[in-house]
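# Structural overview for review
Residues per chain are reported as follows:
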Amino acid sequence: MFLDTPLFQCDALARPLGCAVSIKLETANPVRSFKARGTELVASQLSDQSRGAAVCASAGNLGQALGWSGRRHGLDVTVVASHRAPAAKLDRIRALGAALELVDGDFEMARERAASIAQQRGIRLVEDSLDIETCEGAATIGLELARQASSFDVVLIALGGGAMATGVGYVLKALAPGVEVICVQPQGAPAMTRSWHERRVITTDSTDTIADGVAGRFPIPAVLDDLLNVADDAVLVHEASIVAGMRMLLEHAGLVVEPSAALGVAAVLEDPDRFADRHVVSIICGSNVNLDDYHRWVGP
């Protein structure tokens, strides 16, 4: 149910964006994001090993995915998140039966707390982007794209911790090397993009973006090394472009998406000449968004 998600050309987006656009719809599944491609691997392995518990830090989507997979495989799942995470994501984590612990801080503080819980309880710590299963799960998106790679020449990937970018990027570089892999991150959470350009880890003191799903401050060195091997470019976009992208996906594709999922469209809006007359694929990575926030950003 998480594999072979729809990939379709959205002609309605072509005119306003000035290029052919195809959408890889990673929200067409029970947890509304791509994350369960990886958590299904983790949960099945833990079940096979007769290990009964796991913990993760999450901005929201990984926690939902691990909760869903854990329930399927009989695991005791704990999710640590910031109290500032979107309420809709936190509510769905609880609804899936995971134990939810909130911290007074951002995602990086949640990551520290999750590591502490894993050590104290002797359970599996699931670290997004660092654990190979999360990257392998995302890589299956690349396999699905590679089957149709002759029809497009650019893939736009939301960049946070790097699991999706590295997983998809490795497959495309191996199977469709002519496809340009471009990572997109908000100006208000630029750590991984800056690190990619500097070819060394760059951290930031804070983040300031509505795209909570990609708002990390401390890139993982090993993930950056992978990203340097597979990404052709990494770009930053403004908040106004993210909102415009969300609005365009609603008006022209009928999709309600979270801000992170609109980063690809935002990149085209900010640099239309770069993509003119090309065929781009934008991976719609998540649609878990508070409706009140969504209406405030996009309008009624």
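Everything here concerns the structure above.
Just so you know, these numbers come straight off a predicted model, no measurement behind them.

### Details of the pattern of salt bridges
Note on pairing: side chains with opposite charge can pair once their charged atoms come close. Per the counting criterion, the structure on display carries 22 salt bridges. A salt bridge links arginine 274 to aspartate 233; the nearest nitrogen and oxygen atoms lie 2.7 Å apart. Pair noted here: arginine 274 is in helix H12 (residues 272-275) and aspartate 233 is in strand E9 (residues 233-237), with a separation of 41 residues, a long-range link. Under the relative-accessibility criterion, arginine 274 is labelled partly exposed at 25%. One salt-bridge network, in which partners are shared between bridges, spans Asp153, Glu180, Asp233, Arg274 and Arg278.

### Describing the environment of serine 58
Counting through the fold element by element, serine 58 comes out in the loop between strand E3 (53-57) and helix H3 (61-73). Not counting chain neighbours up to four residues away, the residues in contact with serine 58 comprise Gly63, Val79, Val80, Ala81 and Phe107. In terms of polar contacts, serine 58 uses its side chain to reach the backbone amide nitrogen of glycine 60, at 2.7 Å. Here glycine 63 takes part through its backbone nitrogen, which lies 2.8 Å from a polar atom of the side chain of serine 58.

### Observations concerning a nonpolar patch on the surface
On the surface, Leu250, Val256 and Leu291 cluster together to form a nonpolar patch covering roughly 230 Å² of accessible area. Note on placement: valine 256 falls in the loop between helix H10 (239-253) and helix H11 (263-270).

### Here we look at the sheet that holds strand E10 (residues 279-284)
Spatially, E1-E2-E10-E7-E8-E9 is the arrangement adopted by the six strands of the open sheet, whose pairing is mixed. The outermost strands of the open sheet, each flanked by one partner alone, are strand E1 (7-9) and E9. Neighbouring strand axes in the sheet, compared pairwise and without regard to direction, differ in orientation by 25° on average. Summarising the sheet, strand E8 (residues 180-186) and E9 pair through five bridges and their orientation is parallel. Its bridge partner lying in E9, glutamine 185 is registered against leucine 236. Across the sheet, helix H7 (residues 163-175) lies against strand E7 (154-158), E8 and E10, angled at about 160° from E7, the strand it touches most.

What counts, and at which threshold
- Residues numbered from 1 in each chain as written.
- Predicted model: local features only at pLDDT ≥ 70, side-chain atom pairs only at ≥ 80, totals over all residues.
- Heavy atoms only, no water.
- Salt bridge = Lys/Arg side-chain N within 4 Å of Asp/Glu carboxyl O.
- Helix = DSSP H or I, 4+ residues; strand = E, 2+ residues; numbered from the N terminus.
- Buried < 20%, exposed > 50% of the residue type's maximum accessible area, 1.4 Å probe, protein only.
- Contact = heavy atoms within 4.5 Å.
- Polar contact = N/O pair within 3.5 Å; in protein donor to acceptor, adjacent residues only side chain to side chain.
- Patch = residues over 30% accessible without salt bridge, like charges linked within 9 Å, V, L, I, M, F, W, Y side chains within 5 Å.
- Areas by Shrake-Rupley, 256 points an atom, 1.4 Å probe, with all protein chains shown as cover.
- Pairing = 2+ DSSP bridges.
- Axes fitted to C-alpha atoms, helices over the stretch in contact; angles between N-to-C directions.

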